[in-house]
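Okay, here's what each chain looks like letter by letter:
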Amino acid sequence: MTILDGKKTSNDIKNEITEIVQEMKNKGEKVPHLAAVIVGNDGASLTYVGSKVRACERVGFESTMVRMPNTTSETELLREIEKLNNNPEIDGFIVQLPLPKQIDTQKVLMAVDPDKDVDGFHPTNFGRMALDMSTFIPATPFGILELLDRYNVDTKGKHTVVIGRSHIVGRPMSILMGRKGFPGNSTVTLTHSHTKNITQITSQADIIITALGVPGFLKAEMVKDDAVIIDVGITRVPDESRERGYYITGDVDYENVSKKVSHITPVPGGVGPMTIAMLLKNTLLARERHRAANRS
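A. Structural detail: the pairing of strand 5 (residues 159-163). Taken across its five residues, strand 5 has five buried, putting it largely inside the fold. Residues His159, Val161 and Ile163 point to one face of strand 5 and Thr160 and Val162 to the other, with burial holding for every one of them. With respect to chirality, the unit in which strand 5 leads through helix 7 (residues 170-177) into the neighbouring parallel strand 6 (residues 187-191) is right-handed.

Written as structure tokens, this is what we have:
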């Protein structure tokens, strides 16, 4: 059994990006600049954004964090997004989700300039991805593709089952695994909360990508021998016996499933670190595009 080590792979990618950024500096070129907008004081969101800012420092990017209070109106947030859209210094930016209830998330994501949408959530970028055109691929699916690629996991002609149909992971993953090329060329089944006989489907899968957020959902009896398991789920489970008062687990019953399969991602240390690495890769792509367009 091979562990698909996202922590190691993400560090490899960051080292590669660091070298490219150093070359940019040596040539006197502008380095990539990523901005993150965070509204409110959600602990998990602050942690995620903080880790993204530190990742920027690690590879030599410039970064900006825009913090706005929980009482921010939709109009105020849209005004801030417009500023970032029009700021030539910013190559890409993200709006950290979830947003407070007074703000329409869809309206906000639609307001982001597709050329700066390094999260890959704008319908323009999603549409380009679906049509196999060059675009920003959402960071988590992009990270999964990169893991499959770097570990040379065969996907051609394989049966891939995706569990969960979110716009951030499940739906884009189902499109990407069915595209021409590698990783891709697999036959994809997209399952969700209304799927009947899910065990019958997963037990036939060569590759399972689960993004449900339900701890331990995927059991050993749902998986065939030598399958490839990608666990996107990450949940804090309360546990008073631990110092932190909780432990982090994924959608997969790792202890039992790992005994049957050929490849598996751990939680934590699997898909999570890859998401930030691919956000950096998208920001680098944005900088290169803007340099080509502006010749600067």
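B. How the structure looks around the packing of aromatic side chains. For the coordinates displayed, the defined rule picks out zero aromatic pairs. Between the NZ or CZ atom of arginine 289 and the centre of the ring of phenylalanine 136, over which it lies, the distance is 4.5 Å.

C. Inspection of helix 7 at higher detail. Across the eight residues that make up helix 7, a large majority, six, are buried. When helix 7 is considered as a whole, its buried residues turn out to be Gly170, Pro172, Met173, Ser174, Leu176 and Met177. Packing partners of the buried residues in helix 7 comprise helix 5 (123-130), helix 6 (139-150), strand 5, strand 6 and strand 7 (207-210).

D. Quick look at the sheet that holds strand 7. Strand order in the open sheet formed by six strands is 1-11-8-7-5-6, with parallel pairing between adjacent strands. Either end of the sheet is taken by a strand with one partner, and the two such strands are strand 1 (2-3) and strand 6.

E. Region of the structure containing the sheet that holds strand 4 (residues 92-95). Strand order across the open sheet formed by three strands is 3-2-4, with parallel pairing between neighbours. Only two strands of the sheet have a single neighbouring strand rather than two, namely strand 3 (62-68) and strand 4. Here the strands of the sheet are splayed against their neighbours by 15 degrees on average, with no regard to which way each runs. Taken together, the four bridges between strand 2 (residues 33-39) and strand 4 define a ladder with parallel strand orientation. Along strand 4, the bridge assignment pairs alanine 36 with isoleucine 94.

F. Main features of the nonpolar core. If you look at the biggest cluster of nonpolar residues, it comprises 46 residues, and the most contacted ones within it are Ile17, Phe61, Ile144, Ile209 and Ile230. Of the residues forming this core, the biggest block, nine residues, is contributed by helix 10 (residues 271-294). Residues within four places of phenylalanine 61 in sequence aside, it is in contact with Ile17, Val21, Pro32, Cys56, Leu280, Thr283 and Leu284.

G. Seen up close, the pattern of salt bridges. For the coordinates displayed, the defined rule picks out 11 salt bridges. Its salt-bridge partner being glutamate 16, residue arginine 150 comes within 2.9 Å of it at the nearest N-O pair. Separated by 134 residues along the polypeptide, arginine 150 in helix 6 and glutamate 16 in helix 1 (residues 6-26) bring together distant segments of the chain. Take arginine 150: its relative accessible area is 33%, and that puts it in the partly exposed class.

The rules we used
- Residues numbered from 1 in each chain as written.
- Predicted model: local features only at pLDDT ≥ 70, side-chain atom pairs only at ≥ 80, totals over all residues.
- Heavy atoms only, no water.
- Buried < 20%, exposed > 50% of the residue type's maximum accessible area, 1.4 Å probe, protein only.
- Helix = DSSP H or I, 4+ residues; strand = E, 2+ residues; numbered from the N terminus.
- Right-handed = clockwise from strand over helix to strand, strands pointing away.
- Phe/Tyr/Trp six-rings, centres within 6.5 Å; stacked < 30°, edge-to-face > 60°.
- Lys NZ or Arg CZ within 6 Å of the ring centre and 35° of its normal.
- Contact = heavy atoms within 4.5 Å.
- Pairing = 2+ DSSP bridges.
- Axes fitted to C-alpha atoms, helices over the stretch in contact; angles between N-to-C directions.
- Core = buried A, V, L, I, M, F, W, Y, C linked by side-chain atoms within 4.5 Å.
- Salt bridge = Lys/Arg side-chain N within 4 Å of Asp/Glu carboxyl O.

Read these as geometric descriptors, not functional statements.
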